[in-house]
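Residue-level structural notes
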Amino acid sequence: MEILLRQARIIDPSSSFHQQQADIFIQDGIIKKIGTLSKSGADLKEIHGVHVSPGWVDLFAQFGDPGYEYRETLATGSEAAASGGYTDVLILPNTAPVLHNKSGIEYIVQRSRGLPVSIHPIGAITKNAEGKELAEMYDMHQSGAAAFSDGIQTIQSAGLLLKALQYLKAIAKTVIQLPNDRSVNPSGLMHEGVVSTRLGLPGMPAIAEDLMIVRDLELVKYTGSKLHLTGISTAGAVALIRLAKAEGVAVSCSVTPYHLWFTDEDLKAYDTNLKLTPPVRTEKDRAALRAAVLDGTIDCIATHHMPLDTDHKVVEFEYALPGMTGLETSYGIVRTCMPELSEERLAALFSTAARNLFDLQAVTIQEGQPASLTLFDPQATWKVPAGRSRSRNTPFTGIELKGKPIGIINKDKLFLNEL
């Protein structure tokens, strides 16, 4: 395939063409030439006036295959990711069966080879993600697991997580934790505070997250292993992680777009799409998260894409499952609610930081390099459509966002949204 990006604005601090406007000629999945070019041909696909960066990476997305294909398949999840500008997605092990052995990892690797998005399975730390017994992590590593996590099932046992951290240090793999101490009011439905009291809903206190982070940071200090905390939502979490980083602890973290957008005040209509784990919290917490994105305490954006069928969302708030889809809207949400972010910082949040943290293939926009690229327009405004995900559980449908993903070039494939 031959592709020519005409007068593309290059956003890649690692490239000598950073912040330049140039033509980029791609042939057979390789960047052949960058400059002012006069190419033509019947088979040449030309795209004009886009911004281009190294391909974006999501590190925490739920696809339904195997077991929950009625919510999302590898194919529909890949389309949603490509539509949102993602060339690489780390997918959670919380399937049926759980991805807790090499055959499960190999299934994902083989089934996703022909898709436009590079899908990287996360191996479960414990068998069936039950938090009781360690899974076959080395075998999964050998078969292609990009990282290890029990996904939406936070590991509650300190002793078990300690063993996992020690084990994974030998193969230099990262543990991903969603910090939530489930022993602290496990029946909570939203952030515990004035709003939850007013709405008559049991609360999930911020201390459930902060306690788990304190514990996990101490385990990382003890083991010297690598930990990534995803979906942080409290001002306390930000302060703890900022201090740990200053002390040289090997910890990184990510935030979801919806924690940068919503607060608990937005739950007044009992919208089940806003039932989330961890929950959206107060204005103070949101301000702390935004500040942490700006100062670099937060390393990257994680969509926490959780497709769910209507039977588990179009119900009373108490009975709904937590989660929303997020791959297609992530960039627009962050760009809209934090317009002060520079193009370089956005590139780090969406691409380079996650690649470095999880040892994915480095990507740079240079001649002779593989073309794994995201095309986007930071100034375009658009209303969120129904989307390509198989599920529709998002509160953003119909909302106008600024900053639109145009598509991706990856694995010698071109995927475009409507220009």
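Coordinates for the structure precede this section.
With that out of the way, let us pick up the nonpolar core. Among the nonpolar cores identified, the biggest contains 64 residues, and Val 89, Ile 232, Leu 260 and Phe 350 are the most heavily contacted of them. Membership of the second largest hydrophobic core comes to 19 residues, among which are Ala 22, Ile 26, Ile 31 and Val 50.

A full pass over the atoms with the stated rule returns 17 salt bridges. The closest approach of N and O atoms between Asp 23 and Arg 6, which form a salt bridge, is 3.6 Å. Of the two residues, Asp 23 is situated in strand 2 (residues 21-27) and Arg 6 in strand 1 (residues 2-10); the sequence distance between them amounts to 17 residues. According to the relative accessible area criterion, Arg 6 is buried, its value standing at 17%. Taking the shortest distance from any N to any O, the salt bridge between Arg 215 and Asp 216 comes out at 2.8 Å. Taken individually, Arg 215 and Asp 216 each receive the classification buried, so the pair is uniform in this respect. Among the ionic contacts, a cluster of salt bridges with common partners joins Arg 6, Asp 23 and Glu 46.

On to the pairing of strand 16 (residues 373-383), then. Note: strand 5 (residues 51-54) against strand 16, four bridges, orientation antiparallel. Looking at strand 16, one finds that Val 52 is bridged to Leu 375. Across eight bridges, strand 16 lies against strand 17 (residues 400-410) in antiparallel orientation. The residue bridging Trp 382 from the neighbouring strand is Leu 401, located in strand 17.

Cut-offs applied
- Residues numbered from 1 in each chain as written.
- Predicted model: local features only at pLDDT ≥ 70, side-chain atom pairs only at ≥ 80, totals over all residues.
- Heavy atoms only, no water.
- Core = buried A, V, L, I, M, F, W, Y, C linked by side-chain atoms within 4.5 Å.
- Buried < 20%, exposed > 50% of the residue type's maximum accessible area, 1.4 Å probe, protein only.
- Salt bridge = Lys/Arg side-chain N within 4 Å of Asp/Glu carboxyl O.
- Helix = DSSP H or I, 4+ residues; strand = E, 2+ residues; numbered from the N terminus.
- Pairing = 2+ DSSP bridges.

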